[in-house]
Amino acid sequence: MGRWEPGVSGRLQEAALALYLERGFEQTMVADIAERAGVTARTFFRHFADKREVLFDAAAELEEKALAALEAAPTTATALDLVAAALDAMADIIGHDRGLARQRHTVIRANAELRERELIKLEQMSAAVADGLRRRGIGDTEASLAAETGSAVYRVAFQRWVDAADELDLRDTIRRSFAQLRTLTAAAH
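Quantities reported herein were computed from a predicted structural model and do not represent experimental measurements.

A.B. asks: Honestly, helix α8 (residues 140-163) in this entry has me stumped. Any pointers?
C.D. replies: With 24 residues, α8 ought to run about 34 Å at 1.5 Å a step, and its terminal C-alpha atoms sit 35 Å apart, in line with that. Of all the positions in α8, only Ala143, Ala146, Ala147, Gly150, Ser151, Val153, Tyr154, Ala157, Phe158, Trp161 and Val162 are classed as buried. The inward-facing, buried residues of α8 contact α5 (79-94), α6 (98-109), α7 (112-135) and α9 (170-187).

Below you can see the structure in the form of structure tokens.
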């Protein structure tokens, strides 16, 4: 998501992304990716379950970092402040290479199966964050609302970040999106 792994995994990820952009996701086979990376298909499957997972490999790391940020936040933090801390941690991973993020996003947006997979991964992240909030003593409904709100803020901020012509920082874009949300909710009172 933010940067490819070193070694064989990274070569496979780079090869896959290049082929997905050149040929399209559906037209690219695992054997094509392996050949481009200079390895066998068997080696590919040692690193990735299927050709989709090349694009979603960082999901476990994102969840781990987000949950660690939740746990490290002050005990006085509100549910939304905790979610913002989790998103900051995610931005540290994703936000290092906007060009790579744009390419990955282009491939995902062009394929319904990948868009669905992206939504599933985001839902899993939201559920993990909600569980982390509950472990911190936040009530069930509030935890779910905060986590889902964070997911929406992330999606809006990420889209703005990858589409921007100017140099934006993902973390700052997420923070500005949270500030806009707070302004919207304050105006509703």
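A.B. asks: How do you make sense of the packing of aromatic side chains when you look at a structure like this?
C.D. replies: The way to describe two aromatic rings as a pair is by their centre distance and the angle between their planes. Under the counting rule described, the total for this entry stands at five aromatic pairs. Measuring from centroid to centroid gives 5.0 Å for Tyr20 and Phe25, while their planes differ by 65°, and the two rings are edge-to-face. Comparing Tyr20 with Phe25 shows no difference in burial state: the two are buried. Seen from their ring centres, Phe158 and Trp161 are 5.7 Å apart, and the 55° between their planes marks the pair as tilted. Residue Phe158 and its partner Trp161 are located together in helix α8, separated by three residues, close to a single helical turn. In this structure, Phe158 and Trp161 share a single accessibility class: buried. Over the ring of Phe25 we find Lys51, and its NZ or CZ is 4.4 Å from the ring centre.

A.B. asks: Hey, could you run me through empty space enclosed by the protein in this one?
C.D. replies: Over the atoms, a rolling probe the size of a water molecule traces out where space has been left empty. Summed over all chains, the structure comprises one cavity of 30 Å³ or more. Forming the walls of the largest cavity are Val83, Leu87, Met90, Leu122, Met125, Ser126, Val129, Ala147, Gly150, Ser151 and Tyr154. Those elements giving two or more residues to the lining of the largest cavity turn out to be α5, α7 and α8.

A.B. asks: Is there a simple way to explain the pattern of salt bridges in this structure?
C.D. replies: Close approach of charged atoms lets side chains of opposite charge pair. In total, this model carries 14 salt bridges according to the counting rule given. Among the ionic pairs, Arg23 bridges to Asp32, the shortest N-O distance being 3.0 Å. Owing to a relative accessible area of 42%, Arg23 belongs among the partly exposed residues under this scheme. Accessibility expressed as a relative area gives 22% for Asp32, which makes it partly exposed.

A.B. asks: Is there a simple way to explain the packing of α7 against α8 in this structure?
C.D. replies: Between two packed helices, both the angle of their axes relative to each other and the distance between the axes serve to describe the pair. Remark: α7 packs on α8, axes separated minimally by 8 Å, with the N-to-C direction vectors making an angle of 140°. Comparing their axes, α8 and α7 come out oblique. Of the two elements, α7 crosses α8, and the hand of that crossing is right-handed. Of α8, the residues touching α7 (which contributes Leu122, Glu123, Ser126, Val129, Ala130, Leu133 and Arg134) are Asp140, Ala143, Ser144, Ala146, Ala147, Glu148, Ser151, Tyr154 and Arg155.

A.B. asks: Got a minute to help me understand the layout of surface pockets in this structure?
C.D. replies: By volume, the largest pocket is sized at about 400 Å³. Taken together, 25 residues make up the lining of the largest pocket; nearest its centre are Glu118, Leu119, Lys121, Leu122 and Tyr154. Contributions of two or more residues to the lining of the largest pocket are made by α4 (59-72), α5, α6, α7 and α8. Among the elements that line the lining of the largest pocket, the one with the most residues is α7, at seven residues.

A.B. asks: Just to check I follow, could you spell out the packing of α4 against α7 for this structure?
C.D. replies: The contact between α4 and α7 brings their axes to 10 Å, and the two run at 25°. Considering their axes alone, α4 and α7 lie roughly parallel with respect to each other. By crossing handedness, the relation of α4 to α7 is classed as right-handed. For the pair α4 and α7, contact is made by Ala59, Leu62, Glu63, Ala66, Leu67 and Leu70 and by Lys121, Met125, Ala128, Val129, Gly132, Leu133 and Arg135, respectively. Of the residues in the contact of α4 with α7, the class split is nine nonpolar, one polar and three charged.

Reading the values: rules and limits
Residues numbered from 1 in each chain as written. Predicted model: local features only at pLDDT ≥ 70, side-chain atom pairs only at ≥ 80, totals over all residues. Heavy atoms only, no water. Helix = DSSP H or I, 4+ residues; strand = E, 2+ residues; numbered from the N terminus. Expected span 1.5 Å × (residues − 1). Buried < 20%, exposed > 50% of the residue type's maximum accessible area, 1.4 Å probe, protein only. Contact = heavy atoms within 4.5 Å. Phe/Tyr/Trp six-rings, centres within 6.5 Å; stacked < 30°, edge-to-face > 60°. Lys NZ or Arg CZ within 6 Å of the ring centre and 35° of its normal. 1 Å grid on protein atoms, 1.4 Å probe; cavity = no way out; pocket = protein on both sides within 12 Å on 5 of 7 lines; lining within 4 Å. Points joined across faces, edges and corners; volume = space filled by probe spheres on them. Salt bridge = Lys/Arg side-chain N within 4 Å of Asp/Glu carboxyl O. Axes fitted to C-alpha atoms, helices over the stretch in contact; angles between N-to-C directions. Parallel < 35°, antiparallel > 145°, perpendicular 65-115°, else oblique. Left-handed = near helix turned anticlockwise from the far one by under 90°. Nonpolar A, V, L, I, M, F, W, Y, C, P; charged D, E, K, R; others polar.

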